[in-house]
Amino acid sequence: MPTRPASAAIIRENNLSLVLRLIHASGSISRAEIIRRTGLSATTVSALANVLIESGFVREAGIGESSGGRRPILMEFNYQYRYALGIDMGASHVTTVVMDLSGKVISRETQRCDVINEPELTFEVIKTLTAQALKQAQIEPDHLLGVGFTVPTPLGGEALDRLVTYYMPVWEGILPKPKIRAFFPGLPVYLENDANAGAIGEKWWGSGQEFADLAYIKIGIGVGSGLVINHQIYRGESGTAGEIGHTTIEVDGRLCRCGNHGCMEAYVGGPGLLADAQAALQAAHRRADEMPGTVEDLVDAALQGDAVCRQVIQNAGRYLGTSIANLLNLVNPGLVILGGELVQAGELLMEPIHASIRERVMPIAAQQAAIVAGKLGNDAIAIGAATLVIQNAFEPTQLAKTLNGRQAAQVYS
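Note that the structure is predicted; figures quoted are calculated from it, not measured.

(A) Main features of the pattern of salt bridges. Applying the stated criterion across every chain yields a total of 15 salt bridges. Residue Asp306 pairs with Arg286 through a salt bridge whose shortest N-O separation is 2.2 Å. With a gap of 20 residues between them, Asp306 in the loop between helix H9 (295-303) and helix H10 (307-330) and Arg286 in the loop between helix H8 (270-283) and H9 connect regions that are remote in the sequence. Arg286 gets classed as partly exposed once you look at its relative accessible area, which sits at 24%. Residue Asp289 is joined to Arg287 by a salt bridge in which the shortest nitrogen-to-oxygen separation is 3.0 Å. The exposure classification of Asp289 matches that of Arg287, with both residues exposed. When salt bridges with common partners are traced through the structure, they connect Arg286, Arg287, Asp289, Glu290 and Asp306 into a single cluster.

(B) Looking closely at the sheet that holds strand S5 (residues 93-100). If you walk across this open sheet you meet the 5 strands as S6-S5-S4-S7-S10, and the pairing is mixed. Of all strands in the sheet, those bounded by a partner on one side alone are strand S6 (105-112) and strand S10 (189-193). Shown here is a sheet whose adjacent strand axes are inclined to one another by a mean of 15°, direction ignored. Sheet analysis places S5 next to S6, joined by 7 bridges and oriented antiparallel. By the bridge assignment, Thr96 is partnered in S6 with Glu109.

(C) Highlighting a nonpolar patch on the surface. A cluster of nonpolar side chains, Ile229, Tyr234, Leu330 and Val331, forms an exposed patch at the surface whose accessible area comes to about 390 Å². Positionally, Tyr234 belongs in strand S13 (residues 232-234).

(D) Quick look at unusual backbone geometry. Positive phi, close to 60°, is recorded for His285, a residue that is not glycine. Owing to a relative accessible area of 72%, His285 belongs among the exposed residues under this scheme.

(E) Focus on the sheet that holds strand S2 (residues 58-63). The sheet built from 3 strands is open, its strands ordered S1-S3-S2 with antiparallel pairing. Every interior strand has two partners, whereas the edge strands, strand S1 (28-30) and S2, have only one. With strand direction ignored, the average angle separating the axes of adjacent strands in the sheet is 35°.

(F) The packing of helix H1 (residues 8-26) against helix H3 (residues 42-55), seen in detail. It is the contact of H1 with H3, at a shortest axis distance of 10 Å, that shows an interaxial angle of 70°. Here H1 lies roughly perpendicular to H3, going by the angle between them. Contacts between H1 and H3 involve Arg12, Asn15, Leu16, Val19, Leu20 and Ile23 from the first element and Thr44, Leu48 and Leu52 from the second. Looking at the contact of H1 with H3 residue by residue, the class counts come to 6 nonpolar, 2 polar and 1 charged.

(G) Quick look at the side chain of Glu265. Assignment of secondary structure puts Glu265 in helix H7 (residues 265-268). Within the structure, Glu265 has its side chain in polar contact with the backbone nitrogen of Val223 (distance 3.0 Å). One polar contact links Glu265 to His246, side chain to side chain, over a distance of 3.3 Å. Ignoring anything within four residues of it in the chain, the contact list for Glu265 reads Ile221, Gly222, Val223, Gly245, His246, Cys256 and Arg257.

(H) Here's a closer look at the packing of H1 against helix H2 (residues 31-38). Two elements in contact, H1 and H2, have axes whose closest approach is 11 Å; the angle formed by their N-to-C orientations is 115°. The handedness of the crossing between H1 and H2 comes out as right-handed. The residues of H2 that touch H1, namely those facing Leu18, Val19, Leu22, Ile23 and Ser26, are Ile34, Arg37 and Thr38.

(I) A look at H8. In a regular helix each residue adds 1.5 Å, so 14 residues correspond to 20 Å; H8 covers 20 Å between its end C-alpha atoms and thus fits that length. What H8 keeps buried is the set Gly270, Gly272, Leu273, Leu274, Ala277 and Leu281. In the core, the buried residues of H8 are packed alongside H7, H9 and H10. Just past H8, the residue His285 takes up positive phi, approximately 60°.

What counts, and at which threshold
Residues numbered from 1 in each chain as written. Predicted model: local features only at pLDDT ≥ 70, side-chain atom pairs only at ≥ 80, totals over all residues. Heavy atoms only, no water. Salt bridge = Lys/Arg side-chain N within 4 Å of Asp/Glu carboxyl O. Helix = DSSP H or I, 4+ residues; strand = E, 2+ residues; numbered from the N terminus. Buried < 20%, exposed > 50% of the residue type's maximum accessible area, 1.4 Å probe, protein only. Pairing = 2+ DSSP bridges. Axes fitted to C-alpha atoms, helices over the stretch in contact; angles between N-to-C directions. Patch = residues over 30% accessible without salt bridge, like charges linked within 9 Å, V, L, I, M, F, W, Y side chains within 5 Å. Areas by Shrake-Rupley, 256 points an atom, 1.4 Å probe, with all protein chains shown as cover. Parallel < 35°, antiparallel > 145°, perpendicular 65-115°, else oblique. Contact = heavy atoms within 4.5 Å. Nonpolar A, V, L, I, M, F, W, Y, C, P; charged D, E, K, R; others polar. Polar contact = N/O pair within 3.5 Å; in protein donor to acceptor, adjacent residues only side chain to side chain. Left-handed = near helix turned anticlockwise from the far one by under 90°. Expected span 1.5 Å × (residues − 1).

Without other data, these values stay purely geometric and don't point to any function.
Okay, structure coming up:
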């Protein structure tokens, strides 16, 4: 059966999205340049530009340089037209950011919270922190384009809106998206796995901007990764691609929270790492008050010269490097970005990572891949959550909803 031609309204929606994305990517641009780069007619571009200017997304920005004729009037993207709210719901914390459309974080709030075991408390913390972040940014909810939020577990279901709860069984049957939507009626809400969001944040605004293929590895209570292949998040058949923490590094190793034995996460994730540190310190006859209570404590002690803590982090680096080596051999990303508190150990962690990689990776992959700490630090996931809003705001259907009725009538009627 022949494909039916797209309706005039759909074509107009797509053209409006195309022009807005081009202006956003360019910062400022003339109508003539838009015509040249899109192939749209002058009449169409003029109509679309007028709608975008009236909407507030775009504004006139003065006179540009002449290329031989009349000097063009430039249009520029208004990065403060609306804002995006990002919520990082980690295993043991909640972080919220308000971000403008250039990726600048306007405000940030964070609080420790036992997310894995306390769902209702978690939603109360989210409600409080988002209100505080909006107040700090002096932003009303109707100035938001939408809300993005992340969860510390893979997503399942046909719409990828259900939590895979074997890491956090008390969340069984809880659908977080409607809960968040209730806090912000009328706004679009986007849900993502935390490591995928970290990859999106670093790809848009951080270390990964120049790379088509990269991996972001988030080291926390668990260890997960977000994979970007050809500029897009790779999810796999069931949506669980990137579970690097559950690659096996010890065939008959310790029990992991997933139920398997020998997973890398059981050695590098927070609980395993702290258990190793406490066992090593006890074997060295250290006092109880010298035991690290958090990964941050462990890193601080190691950086201050504690030999036992340094050895524990170096061991973790070797395990992590082994899993990264497997990733490089299988997927061959050009960049691996590390995030999480353990990364603050710097070269104490990175040196054994690189040593493991050199021992286990095909030479050409080892030579070409870069392993770096993320530029966005611990906020990468919250920033990635906010970026979900921007990614979706320029999609034709969502853009049509964002524009008010009078402006939309000019384009979609």
